[in-house]
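Close look at the chain arrangement
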Amino acid sequence: DCRIESNPSLLEIGATAAARAEKEVVLKTLEETRWNKKEAARRLRVSYKGLRNKIEKWGVRKPN
């Protein structure tokens with residue numbers, strides 16, 4: 001989840017910003033690869049399983 005609490009620490013702010021940036025880059029890469037997860041994982045230099053887990057965690061679905 002990417003929500004910031006009312007009085008977050010710098011560590012929490014950094015973690016939230018990193019999570020948002022990661023999701024943004026993953027979604028952009030999926031769009032660029034026409035949702036080819038194997039190619040997206042290769043470009044992002046992460047495992048296919050790790051990418052799939054993040055997509056599932058975020059509840060992201062391929063647009064129609």
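Analysis parameters
Residues numbered from 1 in each chain as written. Predicted model: local features only at pLDDT ≥ 70, side-chain atom pairs only at ≥ 80, totals over all residues. Heavy atoms only, no water. Helix = DSSP H or I, 4+ residues; strand = E, 2+ residues; numbered from the N terminus. Buried < 20%, exposed > 50% of the residue type's maximum accessible area, 1.4 Å probe, protein only. Axes fitted to C-alpha atoms, helices over the stretch in contact; angles between N-to-C directions. Parallel < 35°, antiparallel > 145°, perpendicular 65-115°, else oblique. Left-handed = near helix turned anticlockwise from the far one by under 90°. Contact = heavy atoms within 4.5 Å. Nonpolar A, V, L, I, M, F, W, Y, C, P; charged D, E, K, R; others polar.

Re unusual backbone geometry
- Positioned with a positive phi, Arg34 is a non-glycine residue whose angle comes to about 55°.
- Along the chain, Arg34 turns up in the loop between helix H1 (10–32) and helix H2 (37–44).
- Overall, the relative accessible area of 73% leaves Arg34 in the exposed class.
- The backbone of Arg45 sits at a positive phi, close to 60°, despite the residue not being glycine.
- Within the secondary structure, Arg45 sits in the loop between H2 and helix H3 (48–58).

So, the packing of H1 against H3
- Where H1 contacts H3, the axes come no closer than 12 Å and their chain directions differ by 110°. The angle between H1 and H3 places the two elements in the roughly perpendicular class. In this structure, the crossing between H1 and H3 has a hand that is left-handed. The segment H1 lies against H3, with Glu22, Lys23, Val26 and Leu30 engaging Leu51, Lys54, Ile55 and Trp58.
- Split by residue class, the contact of H1 with H3 holds five nonpolar, no polar and three charged.

Here we look at the environment of Leu27
- Relative to the helices and strands, Leu27 resides in helix H1.
- On the accessibility criterion, Leu27 (26% relative accessible area) is partly exposed.
- Once the C-alpha coordinates of Leu27 and Leu51 are considered, the two residues, 24 residues apart in sequence, prove to be 11 Å apart.

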